[in-house]
Amino acid sequence: MARAATTTDVFNAVAEPRRRQILDVLAGGERPVNDLVRVLGLAQPQVSKHLRVLRAVGAVQVRDQGRQRLYRLNGHALKPIHDWVRHYERSWSERFGELDVVLEEFQQPEPGDGGGDE
């Protein structure tokens with residue numbers, strides 16, 4: 001089965017770690033490209049390339065403000081990822097619950113280990 005092009009599928013677009021970093025930064029609010037360049041430590045052409053991919057899948061939006069272009073996160077486009085991951089939440093919750101039980105058992109003093117003064 002052929003894989004969907006990165007520019008048409010939000011799952012493929014966010015599979016790239018740098019794009020996830022961009023989304024993380026934009027989750028804090030709108031930013032111009034130069035801010036993203038500075039925060040991420042990447043060259044401007046690299047950031048612009050990643051932003052183009054994220055825009056193509058709708059994960060970010062852009063607006064002009066004077067001479068600047070401000071980018072912002074479009075959380076609605078990430079909803080398919082949220083919906084897919086949500087199916088695994090029950091499994092995680094159950095496993096974390098089991099881990100809590102084990103951790104509580106480790107914290108219980110063993111019999112004969114009264115912890116009193118010797």
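Residues numbered from 1 in each chain as written. Predicted model: local features only at pLDDT ≥ 70, side-chain atom pairs only at ≥ 80, totals over all residues. Heavy atoms only, no water.

A. Expanded view of a nonpolar patch on the surface. A cluster of nonpolar residues, Phe-11, Trp-84, Tyr-88, Trp-92, Phe-96, Leu-99, Val-102, Leu-103 and Phe-106, forms a patch on the protein surface that exposes about 980 Å² of accessible area. Tallying contributions element by element places helix α6 (residues 89-107) first for the nonpolar patch, with six residues. (Patch = residues over 30% accessible without salt bridge, like charges linked within 9 Å, V, L, I, M, F, W, Y side chains within 5 Å. Areas by Shrake-Rupley, 256 points an atom, 1.4 Å probe, with all protein chains shown as cover. Salt bridge = Lys/Arg side-chain N within 4 Å of Asp/Glu carboxyl O. Helix = DSSP H or I, 4+ residues; strand = E, 2+ residues; numbered from the N terminus.)

B. Representation of the packing of aromatic side chains within the structure. In this structure the tally under the stated criterion is two aromatic pairs. Their ring planes at 90° and their centres at 6.1 Å tell us that Phe-11 and Trp-84 sit as a pair that is edge-to-face. With Phe-11 in helix α1 (residues 10-14) and Trp-84 in helix α5 (residues 79-86), the pair connects residues that are 73 residues apart, well separated along the chain. With relative accessibility at 34%, the residue Phe-11 sits in the partly exposed group. Note on Trp-84 and Tyr-88: the rings are 5.3 Å apart at their centroids and 65° apart in plane angle, and the pair reads as edge-to-face. Within the aromatic cluster, the residues linked to one another by ring pairs are Phe-11, Trp-84 and Tyr-88. (Phe/Tyr/Trp six-rings, centres within 6.5 Å; stacked < 30°, edge-to-face > 60°. Buried < 20%, exposed > 50% of the residue type's maximum accessible area, 1.4 Å probe, protein only.)

C. Region of the structure containing the pairing of strand β3 (residues 68-73). As judged from the two bridges shared by strand β1 (residues 31-32) and β3, these two strands associate in the antiparallel manner. When the sheet's bridge partners are listed, Pro-32 is paired in β3 with Leu-70. Here six bridges tie strand β2 (residues 60-65) to β3, and the two strands are oriented antiparallel to one another. Residue pairing for β3: Gln-65 is matched across the bridge by Gln-68. (Pairing = 2+ DSSP bridges.)

D. The sheet that holds β2, seen in detail. As summarised here, the arrangement of the three strands in space is β1-β3-β2, forming an open sheet in which the pairing is antiparallel. Edge strands, defined here as strands with exactly one partner in the open sheet, are β1 and β2. This element, helix α2 (residues 17-26), spans β1, β2 and β3 of the sheet and lies at about 95° to β3. (Contact = heavy atoms within 4.5 Å. Axes fitted to C-alpha atoms, helices over the stretch in contact; angles between N-to-C directions.)

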